[in-house]
Amino acid sequence: MKPELVDILVPNKKDRRHLISLLQQVQYKFGYIPKEAMLAIADFLEIPESTVYGIATFYNLFRFTPLGKHPVKVCMGTACHLAGGKLVLEAMARELDIQVGGITSDQEFSLDRVACVGCCALAPVVVVSDSVYPRMTPPKVEEVLVTVKPVSQEQPEKH
């Protein structure tokens, strides 16, 4: 892991006040914060591993599982929540068969809830990869996922 962190763990960042910045850089690079990276940061900053873990887990902006090939974000901002975002999130979790923060076994999809994606007029909103799906409903969840799933996962037609 350390060779992959050479560009992040640079001498001018060797102070515990840079801990959050280092965690952000690791997450930006890998899409999540691997356990090995937290250990490397603790070693680099010469602070207890529990301190790095405590800080990393305190902020909900950090994730500890990799993102799927197609990250799914369900908006739970006020407008989306009032327009049925929770039902959409439950439908998405059921359809993907994963919990929030999880990743499908084929690593195609990960599911997260986000505070706001800034599309309140289109609530409730789901973002899959970089595409925004407005005015979502639980029945529309399957339609959206079918358009995103790779061709190799499509079921063969029955004759």
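Above: the structure in question.
Summarised in this report is the structure supplied together with it. From a predicted model like this one, the values you see are computed outputs, not experimental measurements.

## Digging into the side chain of R63
Argument step 1. With respect to the helices and strands, R63 occurs in the loop between α3 (49–58) and β1 (70–75).
Argument step 2. The exposure class of R63 is buried, given its relative accessible area of 11%.
Argument step 3. Reaching out from R63, the side chain makes a polar contact with the backbone oxygen of T65 at a distance of 2.7 Å.
Argument step 4. Once you skip the residues sitting within four places of it in the chain, R63 turns out to touch Q27, G31, Y32, I33, G101, S110 and D112.

## A closer look at the pairing of β1
Argument step 1. Counting buried residues along β1, 5 of its 6 residues qualify, which places the element largely inside the surrounding structure.
Argument step 2. Judged from the 6 bridges that link them, β1 and strand β2 (residues 109–114) form a sheet pairing that is parallel. Across the sheet, H70 pairs through a bridge with F109, a residue of β2.
Argument step 3. Sheet analysis places β1 next to strand β3 (residues 126–128), joined by 3 bridges and oriented antiparallel. Counted as the bridge partner of K73 is V127 from β3.

## Some thoughts on the environment of K86
Argument step 1. Positionally, K86 belongs in helix α5 (residues 85–96).
Argument step 2. Given a relative accessible area of 48%, K86 falls into the partly exposed group.
Argument step 3. Taking the C-alpha atoms as reference, K86 lies 17 Å from S110; in sequence the two are 24 residues apart.

## Focus: the packing of aromatic side chains
Argument step 1. In this structure the tally under the stated criterion is 1 aromatic pair.
Argument step 2. Ring geometry for F58 against Y59: centres 4.9 Å apart, planes inclined by 85°, an arrangement best described as edge-to-face.
Argument step 3. Residue classification places Y59 among the partly exposed positions, given a relative accessible area of 31%.
Argument step 4. In this structure, K14 packs its charged tip against the face of F44, placed 4.8 Å from the ring centre.

## Concerning the side chain of H70
Argument step 1. Looking at the element boundaries, H70 is found in strand β1.
Argument step 2. Classification of H70 as buried rests on a relative accessible area of 16%.
Argument step 3. Among the polar contacts listed, one links the side chain of H70 to the side chain of S129, at a separation of 3.4 Å.
Argument step 4. Apart from the residues lying within four places of it in its own chain, the contact partners of H70 are E108, F109, S110, V128, S129 and V148.

## Here's the deal with the nonpolar core
Argument step 1. One finds V72, V74, M92, L96, L111 and V126 to be the most contacted residues of the largest nonpolar core, which totals 20 residues.
Argument step 2. Those elements that provide at least two residues to this core are β1, α5, β2, β3 and α6 (138–148).
Argument step 3. Considering each element in turn, this core owes the most residues, 6 residues, to α5.
Argument step 4. Apart from the residues lying within four places of it in its own chain, the contact partners of M92 are V72, V74, L111, V126, V141 and L145.
Argument step 5. Counting residues in hydrophobic clusters, the runner-up holds 19 residues, among them A37, A40, I41 and A56.

## Details of the state of the cysteines
The term disulfide refers to a covalent linkage connecting the sulfur atoms of a pair of cysteines.
Argument step 1. Across all of its chains, the model carries 0 disulfides by this definition.
Argument step 2. The thiol of C75 is not disulfide-bonded; the next cysteine sulfur, from C80, is found 3.4 Å away.
Argument step 3. By relative accessible area, C75 is classed as buried at 3%.

Rules and cut-offs
Residues numbered from 1 in each chain as written. Predicted model: local features only at pLDDT ≥ 70, side-chain atom pairs only at ≥ 80, totals over all residues. Heavy atoms only, no water. Helix = DSSP H or I, 4+ residues; strand = E, 2+ residues; numbered from the N terminus. Buried < 20%, exposed > 50% of the residue type's maximum accessible area, 1.4 Å probe, protein only. Polar contact = N/O pair within 3.5 Å; in protein donor to acceptor, adjacent residues only side chain to side chain. Contact = heavy atoms within 4.5 Å. Pairing = 2+ DSSP bridges. Phe/Tyr/Trp six-rings, centres within 6.5 Å; stacked < 30°, edge-to-face > 60°. Lys NZ or Arg CZ within 6 Å of the ring centre and 35° of its normal. Core = buried A, V, L, I, M, F, W, Y, C linked by side-chain atoms within 4.5 Å. Disulfide = S-S within 2.5 Å.

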